[in-house]
Each structure stands twice: as structure tokens, then as C-alpha cells.
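An overview of the molecular structure
Each chain is listed here by its residues.
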Amino acid sequence: MKSRVIFASLILGLGLMISESSAATTIFDDSPASAKPANALLVNGSEKLFALFVEQKLNNFTKKSSWQNFMSVVSLYNQNPVAVLSLDEASRKKFNEANVQLSNELAKSNGNLEVTRWANQANQTARMINLLWNVEAEASKTPDAE
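Residues numbered from 1 in each chain as written. Predicted model: local features only at pLDDT ≥ 70, side-chain atom pairs only at ≥ 80, totals over all residues. Heavy atoms only, no water.

Observations regarding the overall build of the protein
- Secondary structure summary: the protein contains 5 helices and 0 strands in total.
- Order of helices (α) and strands (β) in the protein, N terminus to C terminus: α-α-α-α-α.
- Evaluated residue by residue, the protein yields a buried proportion of 27% over its 146 residues.
- Contacts in the protein between residues far apart in sequence, at least 24 positions, make up 74% of those at least 6 positions apart.
- Carbon and sulfur atoms form 59% of the exposed surface of the protein, whose accessible area is close to 10400 Å². (Helix = DSSP H or I, 4+ residues; strand = E, 2+ residues; numbered from the N terminus. Buried < 20%, exposed > 50% of the residue type's maximum accessible area, 1.4 Å probe, protein only. Contact = heavy atoms within 4.5 Å. Areas by Shrake-Rupley, 256 points an atom, 1.4 Å probe, with all protein chains shown as cover.)

Here is the structure:
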């Protein structure tokens, strides 16, 4: 009887230790990015859905060169995010101008939830691309420490 109590206590103790150790190794992501949904950017094929949406809602805008400028940079970003760093200053300026025009066109459109969601995703994608460009510009200004 005494050996059964010791054995049961041993099993119970091991069980508690295992559950405590797994709880101690749980990773909790409290970064600001963790609060954002994964679909906050036009990535992983959503840029194609966005293009379809804009073609349906803003057909006249899609015939302008600014639409092609915007989508070419977004497509390049989706293929390889680092590839947008190779764009020259004129292409970057055209992209930012196209982003402003697209935002204005979407703002004129019916302000339903779908339009707002797509406008936010396009804006967040443009901000991310500009962030890459700004980081690259800052890195090129920093002298190498040798």
C-alpha cells in the first residue's frame, strides 16, 4: 500500500513538472505586428484579388498608367520584397504618386466595408514598400564601421 502511494505521488509530481515546464516555454508574441491580421497587406495572391476588385469598381482608373505603375511595384514586391530596392528614384516617385491617386479614387468610391478593407491593404502595402526604401536610404548614409 505504501509503495502504491509513493508511486502515485511520483506520477502526480512528474505530471505537474511536465505541465509547468511546457507552460514556462510558451512563447507569447506581444509585438505590435501580432495584433495585425495576416491579410493587412496585398500579399500571397491578394494583390490579384485587389486588381480584380479595382477593375470592377474603378474601370476608368485601371486604364491609366498610374494603375500599371502601382501594380507593377506591388507585384514585384510580392515576387521578391528585396527586388523593390533596385527600383530607381523615378519609379519610386511614380509609385507614390499612383498610390495617392488610387487612394483618392477609392475614397470617392462607395465607402462600404469592402472598399475600406481594400484601401487599407493598399495603403499598408505602400507604407511597407516605402519603409524598405527608407531603411535602404538610411543604411546607405551610414558609414561603414571598420
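Concerning helix 3 (residues 65–79)
- For helix 3, with 15 residues, the first-to-last C-alpha span of 21 Å sits near the 21 Å given by 1.5 Å per residue.
- Where helix 3 is buried, its residues touch helix 2 (46–57), helix 4 (89–108) and helix 5 (113–141). (Expected span 1.5 Å × (residues − 1).)

Considering the environment of valine 73
- Along the chain, valine 73 turns up in helix 3.
- In this structure the C-alpha to C-alpha distance between valine 73 and valine 84, which are 11 residues apart in sequence, comes to 6.9 Å.
- Dropping the residues within four chain positions of it, valine 73 is found in contact with Val84, Leu87, Phe95, Ile129 and Trp133.

Some points on the pattern of salt bridges
- Applying the stated criterion across every chain yields a total of 3 salt bridges.
- In this structure, the salt-bridge partner of arginine 92 is glutamate 136, at a minimum N-O distance of 2.8 Å. Taken together, the residues span a long stretch of sequence, with arginine 92 in helix 4 and glutamate 136 in helix 5 at a distance of 44 residues.
- A relative accessible area of 11% means that arginine 92 is categorised as buried. (Salt bridge = Lys/Arg side-chain N within 4 Å of Asp/Glu carboxyl O.)

Describing the nonpolar core
- Membership of the largest hydrophobic core comes to 26 residues, with the highest contact counts inside it found for Phe50, Trp67, Phe70, Phe95 and Leu102.
- When contributions to this core are tallied by element, the ones reaching two or more residues are helix 2, helix 3, helix 4 and helix 5. (Core = buried A, V, L, I, M, F, W, Y, C linked by side-chain atoms within 4.5 Å.)

Topic: the packing of aromatic side chains
- The final tally for this structure, using the stated rule, is 8 aromatic pairs.
- Seen from their ring centres, phenylalanine 61 and tryptophan 67 are 6.1 Å apart, and the 65° between their planes marks the pair as edge-to-face.
- With relative accessibility at 4%, the residue tryptophan 67 sits in the buried group.
- Three or more aromatic residues link up through ring pairs in this structure, and these residues are Phe50, Phe53, Phe61, Trp67, Phe70, Phe95, Trp118 and Trp133.
- Over the ring of tryptophan 118 we find arginine 117, and its NZ or CZ is 4.5 Å from the ring centre. (Phe/Tyr/Trp six-rings, centres within 6.5 Å; stacked < 30°, edge-to-face > 60°. Lys NZ or Arg CZ within 6 Å of the ring centre and 35° of its normal.)

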